[in-house]
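Coordinates in review
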Amino acid sequence: MNKHSVAKALLFFSPLTVLMTTTACASDDDRLTREQQAAKTEVWEPVPEVVSFNANNVPSDATVLLGDNLNAWESLKGGDANWTMQDGVLTVKPGAGDIKTKASFCDIQLHVEWMAPMPEEGMEGQQRNNSGIFLQQRYEVQVLDSFENKTYPNGQAASVYKQTIPLVNAMKAPGNWQTYDIIYKAPRFEGESLSSPGYVTVIHNGVVVQNHTEIQGTTEWIGAPKYKAHGCAPLQLQDHGNYVSFRNIWVREL
């Protein structure tokens, strides 16, 4: 067959072949009901485990860190957590020092309820009933009475302390319970080198205030943040010398 004959054959057969193939595929689908067509993209396994909730709305797959006792906590200095516990409410005992969980965590969903008392006269800025939640004992989500209280925005409530300003100020007035729901992805390391930074999402009283925020390193009061390789580590609550209270703390490992 010469080249002119080949060209004619391709011109004649190629569109016909495409048409026949397309028609065949269309016919296959046309023979299926809409329900059968939809079923082709349904995935039935694995089936997610069922999560239920107790009277305090704690998920059944969560670990309760603060219910009616301090069994999950210890002093940062060693020994018992020497804060005040009454009727399920834990209050900082100024001068007693920070406390931390006995267990260590990496990626988590964390629920914390906290309350700043009414400020004493003259309290303002960072002195207005300050505390903090340290993820892996290194990365602080700030706890502070930021209701009508002027301070540096990267140090107000729900900031990643000295790093990221919250998107909005969702603070209720002092004397009211505040809620943090925190989704935390821990940093990753290869040897001593950082391979992936940490990320945190914070929902304050139902409002997203940190949206998958990159953690730049340790949250320092003085100096720049930095990363140093580490593994899973406890959660830590700060004694900043103020009577901040906590209740209903639970965590889900992700």
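Residue positions are given per chain, counting from 1 as you read along its sequence in written order. With pLDDT at 70 or above as the cut-off, local features in this predicted model cover only qualifying residues; side-chain atom pairs require 80 or more to be listed or tallied, and sums for whole chains, interfaces and linings still use all residues. Only hydrogens and water are removed before side-chain values are computed, so all heavy atoms of the structure are retained for them.

Focus on the confidence of the model for the chain
When pLDDT is low, close inspection of the predicted coordinates is not appropriate. Using the following cut-off: What pLDDT conveys is the predictor's confidence in a given residue, as a value from 0 to 100. Should any heavy atoms of two residues lie within 4.5 Å, those residues are counted as being in contact.
When pLDDT is averaged along the chain, the result is 92; 89% of the residues meet or exceed 70. Across residues 5-13 the pLDDT falls below 50, and counting only partners more than four positions away or on other chains, this stretch makes 3 contacts in the model.

Notes on unusual backbone geometry
Applied cut-off: Elements are defined by DSSP. Helices are runs of H or I of four residues or more, strands are runs of E of two residues or more, and each kind is numbered from the N terminus.
P46 follows E45 through a cis peptide bond whose omega is 0°. Checked against the element boundaries, P46 lands in the loop between α2 (34-39) and β1 (63-66). Of note, K162 is a non-glycine position whose phi angle comes to about 65°, a positive value. Along the chain, the position of K162 falls in the loop between β8 (139-144) and β9 (178-185). Phi at N248 takes a positive value of approximately 45°, unusual for a residue other than glycine. Position of N248 relative to the elements: it lies in strand β15 (residues 245-253).

With respect to the pattern of salt bridges
Stated formally: We count a salt bridge whenever a side-chain nitrogen from Lys or Arg sits within 4 Å of a carboxyl oxygen from Asp or Glu. Only protein chains enter the accessibility calculation, which uses a 1.4 Å probe; a residue is then buried when its area is under 20% of its type maximum, exposed when over 50%, and partly exposed in between.
What the rule picks out here adds up to 6 salt bridges. Put simply, R128 and D145 hold a salt bridge, and the shortest N to O gap is 2.7 Å. Taken together, the residues span a long stretch of sequence, with R128 in the loop between β6 (108-115) and β7 (130-135) and D145 in the loop between β8 and β9 at a distance of 17 residues. The burial state of R128 is the same as that of D145; both residues are buried. A salt bridge links K226 to E220; its shortest N-O distance comes to 2.8 Å. Overall, K226 belongs to the partly exposed group, its relative accessible area being 49%.

Re the sheet that holds β8
Operational definition: Should DSSP find at least two bridges between two strands, the strands are taken to pair.
Ordered by their spatial adjacency, 5 strands build an open sheet running β2-β5-β14-β7-β8, and the pairing between neighbours is antiparallel. Edge positions in the sheet fall to β2 (73-75) and β8, since each of these pairs with one other strand and no more.

Some points on a nonpolar patch on the surface
Selection rule: Distance thresholds for patches are 9 Å for like charges and 5 Å for nonpolar side chains (Val, Leu, Ile, Met, Phe, Trp, Tyr), applied to residues having over 30% relative accessible area and no salt bridge. The Shrake-Rupley method, run with a 1.4 Å probe, gives the accessible areas here. Residue values count only the displayed protein chains as cover.
On the surface, a cluster of nonpolar side chains totalling about 320 Å² of accessible area is made up of L167, V168, V207 and V208. By the element assignment, V207 lies in strand β13 (residues 207-215). Judged by relative accessible area, V207 falls into the partly exposed class, the value being 34%.

What to know about the side chain of N130
Here N130 lies in strand β7. Apart from the residues lying within four places of it in its own chain, the contact partners of N130 are Q142, V143, L144, Q238, H240, N242 and V244.

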